[in-house]
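# Structural features, examined
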Amino acid sequence: MAEYSKEEISRIEDKWRSAWEKNKVYKTEMDLSRPKYYVLDMFPYPSGAGLHVGHPLGYIASDIVARFKRIKGFNVLHPMGFDAFGLPAEQYALEHGIHPAVSTQQNIQNFKRQLGRIGFCYDWSREVQTCDPSYYRWTQWIFIQIFDSWYNRKKARAERISTLIAHFESEGNISHPFPNLKFKAPSGNDSFNASEWKAYDEKTRREILMTYRLAYLAHTDVNWCEALGTVLANDEVINGVSYRGGFPVVKRQMRQWSLRITEYAERLLSGLDQIDFSESMKDIQRNWIGKSTGCLVTFKIKGLTPGPSPPIVIRAGSERGDTPDVAIAQDFIFTSDAKTWKALKDSARENRKNPTEAEDKIWQALRNLKLEHRFRRQHSIGRFIVDFVCIEKKLVIEIDGPIHDLQKREDAERTQIIEDSGFKVIRFSNKLVLTRIDEVLQKIKTELTSPSPLERRLGGEVLTVFTTRPDTIYGVDFMVLAPEHPLVKVITTEAQQKEVDDYLKYVESRSEIDRMAEVKKITGCFTGAYAINPLSKKETPIWISEYVLAGYGTGAIMGVPCGDERDHKFAKHFKLPITNIIGSFYTGEEANPSYEATLENSGVFNGMLMRDAVPAIIAELEKLGVGKRQINYKMRDAGWSRQRYWGEPFPVVFREDVPYAMEEKDLPLTLPDSDNFKPSGNGEGPLANLTNWIDFAPGQKRDSNTMPTHAGAAWYFLRYMDPHNQKEFAGKKSLDYWNQVDVYIGGSEHAVAHLLYSRMWVKILHDLGYLNFDEPFKKLINQGKITGESNFVYRLLKGTFFYSDQDGELVETDNFPPVFISKNLKDRFENGTLSQKEAASISRVEILLNNKFTRVGEKGRVDFITKAFTPMRVDINLVENDKLDIERFKNWRPDFKNAEFIFENSNSSAHGEAGDYLCGSAIEKMSKSYSNIVNPDDIIDKYGADTLRMYEMFLGPLEQSKPWSTNGIDGVYKFLRRFWNLFHNSTGKFGVNNEAASKEELRALHKTLKKIESDIENYSFNTSVSEFMICANELSSLKCNKRSILEPLVIALSPFAPHIAEELWSLLGHPDTILNAKYPAFEEQYLKVNSHAYPISINGKVRATMEFALDMPKEDIEKLVLASEILKKWSEGKPPKKVIIVQGKIVNVVL
RNA sequence: GCCAAAGUGGCGGAAUUGGUAGACGCGCACGACUCAAAAUCGUGUAUCCUCGGAUGUGCGGGUUCGAUUCCCGCCUUUGGUACCA
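The model shown is predicted, which means the values in this text are computed figures rather than measured ones. (Residues numbered from 1 in each chain as written. Chains lettered and ligands numbered in written order. Predicted model: local features only at pLDDT ≥ 70, side-chain atom pairs only at ≥ 80, totals over all residues. Heavy atoms only, no water.)

## Points about the overall build of chain A
Summing up its helical and strand segments, chain A has 40 helices and 43 strands in all. The buried share of chain A, reckoned over its 1151 residues, is 51%. Restricting to contacts in chain A with at least 6 residues of sequence separation, those with at least 24 account for 71%. In the structure as shown, chain A presents an accessible area of about 53,800 Å², 51% of it carried by carbon and sulfur atoms. (Helix = DSSP H or I, 4+ residues; strand = E, 2+ residues; numbered from the N terminus. Buried < 20%, exposed > 50% of the residue type's maximum accessible area, 1.4 Å probe, protein only. Contact = heavy atoms within 4.5 Å. Areas by Shrake-Rupley, 256 points an atom, 1.4 Å probe, with all protein chains shown as cover.)

What follows is the structure, given as structure tokens:
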């Protein structure tokens, strides 16, 4: 005796949820005898705001797929977990003093409770939480594997670092040059050989290996916010200022971990062809990877004749003590600034008095040689004192004593800094000087006779650019360097020095905000130098400009104004001549980047189509040895350090500043418990505050950073396969069986970061032999975002209350309660179209406030003298149909207790009497901070989980974003009731009969079975809900309550509305759960019709329909149509010109 | 700016190897039941109209017997990206 009422729904749903849990129906085991199917949701970050109706959209869809695949006979893996490390919990801890571990667990419990109510078929025994040490133990383990790997470009795969060491030992790095050309061998060369490698000490070797590791430590930019004293994540920086507070953010270098994802650029790109992601998703990733094919072209720099090589002035560098600035000055020699010079003077003198044996030996030898260049000893350069220096030849000689051996690293740094100032540094060991002084002197002589570094650069150095348009090389009118380009220091002429200095200063002064605000602003400066075009031999001026980025390509470009818009603007702005190589394609007004033009003014390439000239010119450049085919990627390596507490600690130990991976047996490195989450203030993470943890053993240090939340999310789908494994991140058998995720459903906001990192980690694990697949996700579906409707009240701006005092002066006061004005009234007030009545209503409030708040001695008057109102979001639960619930609003926040309102309805009194306060509204994303969250619990309380599930699907196509609205939820609710009623008689008693089904009934059933199946395969759930409705409507009108029809239908409905389906299934007499039923096969025979109502169109307009048998030949149809009354009526006697008959579709007669 | 997706009744949306545009639902209107209301059930519901018809899928063209669907050119919205040579 049951009606599908609210009480009954809640009884049924509760009953089955607990039965499912009790019987562990969702527990999944490996079963090699059955095909597997892996359905995955993007696991949520458990926020304090709880689940809103947007979250379940994707989860419902995946749940339908999982349940459908199960009744189709697959062994379905459908797990859920939590992405539980992250910033919000840490910020919450800072604000409320609740430990992230505690708030995270609370939030997870709440999420699980909410998810539980919707009836998902998750196997919770496989739950993972990224913040659980038993999970992040393996995140750390994988990190170590990545750290212990390098990318073998020859084989295009990751390998163990041991294989790299083997290469180094047998042949140095000749076959596997440094991944980044910036790196040099300790000798200063681009490569080293096997014997050099063998001679390096442990630290040097480790430093070299670091430049190859797939997880590596290097100095990289962070977003430093001085005002907040902390480092910010990229998404906490908006337009160059901090997301909170709007403080300026600058780039600052810090030593951090990065993942060398750039090595995988090509495979991440080509892998897209094998996976089923939407085209737009692939485009976003392709865009991000940003591959461009082109070539490097080297231009000779026209020799400069600046007279004697200019002396060098070194300023001691900034307080932080990094690289000193270098400038070329006119007259005097100064190798430190005055202050540093002074500071170092005494110790230099001291050193000169007490030379080491080796130093003394060299000094005497140098004097005896009577060289034409003078050496100085113990001379300060920048902030260093060097052993010997020849200023004229910019040569520094350093003797490595026993102390030097202990500080190789510092020495290398020091050498670098000194060399950056234009000196060449040569080092000799103490031992060498003492035993083989001749050899040493010979080396010094050779150095003195060879050109100085500056001369060397000027004479031999070339300017290399990257271009995707080598075909335009004859159109190069100028070259542009990034301001940071190292050549700038070298090539600038005396005449241009000041201008260049000023420009560099300007660029430096420009903050991120300025640059972002004025992206298209054209600035630049001529260096005075010229480059020689390798093909046309033309000399073109070399400029610097901030529109050229140091970090991409070579940091230099060739300017082709007729073919590139930016180059064109640059040329116009600085009035540079423009060479036209594309004839009429260039109008003089704007650049034309076409490939279709025929080349002119291009020497031997004249007359060639640009498209064809690209390879031809590359070939020519390669032949001349001045060009090389090159592929560039926009993508950068992924910064992997976060200066945060609530994340995975890096499983490394620093000894003498060299990082070593922790041993596997020592994992996990657990996050130390602490209540101090404040940033350390010096740019390091909060862990830096825990010195006991950082300096855990003598001579050993830990990393104060933690990993980003991407780390835990990069592999969680693998852990689900074998979540309790204590020995491995997942067992090989499980990995092989469950394999790739068959369908992954989640939001498109993870298009780049999460999906790229997951793909990269899987590729690495694959390369290292742990996985037999190298793409994690076979198919990706992006569910649309569900946006919410926020409501606004309009508060009179603070500080806009005035009263006039005794002397009639207006005095500002804040002595008044908040006043809110109704939406439409506010609009009219703002644009000055208030009616008289409304104006009166407002002045009534003024009078009222006047009476209420004017104090003794404040003989004043309240005036609204501005029209400024602040929109303020109000909790949507206080608003219904735009009307604000005044009483609840007053209790909402304490400071609104005494709020005053100016109501919409001007007829009613402003205060105390009835009137409506109307709120404004806007569609925004659902967020706690917008107070516009719609909680699925409320919907379930009202309609039940089945209705919620079907309604969310009915809302529209899964992938489409849409605003939440409950309009129409009744339709779904009514459908379920109607469906229920098919199984019950008018008194609510359950009963089906066993009569044979009619043709119509069978047709209705099988049409639905077919449509549901194909809709689920196409992720078109909104249309499947429609189909169920149509079917229920048809069966209702057929008054069908036959078991043979209804039973299969319940199975088909069960993925969508599992609770009602399970109840009906049980009422139908099945003791086992419907989850173990089989999806009924549809049979084509029931769908067959033998005739079709052909629409008869005349001249393309449908005029009538005629019923013909489907197998009627065209000729017969034509005859019948031509003879019909319809045609007679419409042809008006005109003879038919042509008759088109599409069998089973349409007839069209052309007159 | 560039790249991508999308524009269909009052609303959510359906239909694309080119073949009856508006399925299904909401809303609305009318009717049945009821003393009444709710619930439920039934009927109708793109627009215009001289009631025969005409128009209609963002706008303007084109291809076709036939275009929401294909092609060209615009407009608008949303997402991605931001001087990437």
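From this point, the discussion proceeds with the structure in view.
## Some details on the protein's contact with RNA strand B
RNA strand B sits among 48 residues. The nearest are T468, R566, L955, R977 and N1148. Sugar and phosphate atoms form 63% of the subset of RNA strand B atoms that lie within 4 Å of the protein. In this structure, T468 approaches RNA strand B through a main-chain N or O atom, which is 2.3 Å from a sugar or linking oxygen. A distance of 3.4 Å separates a phosphate oxygen of RNA strand B from a polar side-chain atom of R978. Top contributing element to the surface near RNA strand B by residue count: helix α35 (residues 1021–1037), with six residues. Looking at side-chain class alone, the surface near RNA strand B contains 21 nonpolar, 14 polar and 13 charged residues. (Near = heavy atom within 4 Å. Polar contact = N/O pair within 3.5 Å; in protein donor to acceptor, adjacent residues only side chain to side chain. Nonpolar A, V, L, I, M, F, W, Y, C, P; charged D, E, K, R; others polar.)

## Examining the nonpolar core
Side chains of a nonpolar character, in soluble globular proteins, are inclined to be buried together. Core analysis: the biggest nonpolar cluster contains 179 residues, and W640 and Y716 have the highest contact counts within it. In this structure W640 touches F143, W257, S258, L259, F650, T706, M707, P708, H710, A711, Y757 and W761, once residues within four positions along its chain are discounted. One finds Y503, V507, C525 and I544 within the second-largest nonpolar core, a separate group that totals 41 residues. (Core = buried A, V, L, I, M, F, W, Y, C linked by side-chain atoms within 4.5 Å.)

## So, the sheet that holds strand β1 (residues 36–41)
Ordered in space as β2-β1-β27-β28, the four strands form an open sheet in which the pairing is parallel. Two strands close off the open sheet at either side, each with one partner strand: β2 (75–77) and β28 (780–782). On average, each strand axis in the sheet is inclined to that of its neighbour by 20 degrees, with strand direction left out of account. As judged from the three bridges shared by β1 and β2, these two strands associate in the parallel manner. For Y37, the partnering residue across the bridge sits in β2 and is V76. (Pairing = 2+ DSSP bridges. Axes fitted to C-alpha atoms, helices over the stretch in contact; angles between N-to-C directions.)

## So, the packing of aromatic side chains
Under the counting rule described, the total for this entry stands at 68 aromatic pairs. On the basis of an interplanar angle of 55 degrees and a centroid distance of 6.2 Å, the ring pair of F178 and F183 is categorised as tilted. Judged by relative accessible area, F178 falls into the buried class, the value being 4%. Relative to F729, the ring of W715 has its centre 6.2 Å away and its plane inclined at 80 degrees; by these criteria the two rings are edge-to-face. Here F729 lies in the loop between α25 (716–719) and α26 (732–738) and W715 lies in the loop between α24 (709–713) and α25, a separation of 14 residues in the sequence. Across the pair, F729 and W715 agree in class, each one buried. Among the aromatic side chains, those forming a connected cluster through ring pairs are F975, F979, F983, F990, Y1019, F1021, F1028 and F1056. The residue whose ring lies beneath R873 is Y930, and the NZ or CZ to ring-centre distance is 4.0 Å. Across from the ring centre of W892, 5.6 Å away, lies the NZ or CZ of R893, which sits over that ring. (Phe/Tyr/Trp six-rings, centres within 6.5 Å; stacked < 30°, edge-to-face > 60°. Lys NZ or Arg CZ within 6 Å of the ring centre and 35° of its normal.)

## Examining the side chain of Q643
Here Q643 shows up in the loop between β23 (638–639) and β24 (652–655). At 2.9 Å, the side chain of Q643 and the side chain of Q256 are in polar contact. Among all residues touching Q643, those that are not within four sequence positions of it are V231, M254, Q256, G683, E684, G685, P686 and N705.

## Comments concerning the sheet that holds strand β26 (residues 700–701)
The strand order across the open sheet built from three strands is β25-β24-β26, with neighbouring strands paired in antiparallel fashion. Unpaired on one side and paired on the other, β25 (658–661) and β26 mark the two borders of the sheet. Across two bridges, the pairing between β24 and β26 is antiparallel. Each bridged residue has a counterpart across the sheet, and for F654 the counterpart in β26 is K701.

## Observations concerning the pattern of salt bridges
Within this structure, the stated rule accounts for 54 salt bridges. Close ionic contact of D937 with R117 constitutes a salt bridge, the shortest N to O distance being 3.7 Å. Taken together, the positions of D937 in helix α31 (residues 936–943) and R117 in helix α4 (residues 100–118) put the pair 820 residues apart, joining distant regions of the chain. The salt bridge involving E439 is made with R436; its shortest N-O contact spans 3.6 Å. (Salt bridge = Lys/Arg side-chain N within 4 Å of Asp/Glu carboxyl O.)

## Thoughts on helix α6 (residues 161–171)
Turning to α6, its buried residues number three or more, namely I161, L164 and F168. Along the long axis of α6, the arc covered by the buried residues comes to 55 degrees, so they all point the same way. Here the buried face of α6 lies against β3 (149–152), β4 (157–160), α7 (194–199) and α8 (202–210). Positioned one or two residues after α6, G172 has a phi angle of 70 degrees, which is positive. (Arc of directions from axis to C-beta.)

## Considering the state of the cysteines
All told, the structure shown has zero disulfides when counted by the stated rule. We note that C1040 lacks a disulfide partner, and the nearest cysteine sulfur, in C1031, lies 8.6 Å from it. C1040 gets classed as buried once you look at its relative accessible area, which sits at 2%. (Disulfide = S-S within 2.5 Å.)

## Comments concerning the environment of Q91
Examined against the element boundaries, Q91 turns out to sit in helix α3 (residues 87–96). Along the chain, Q91 and K678 lie 587 residues apart, while their C-alpha atoms are 9.4 Å from each other.

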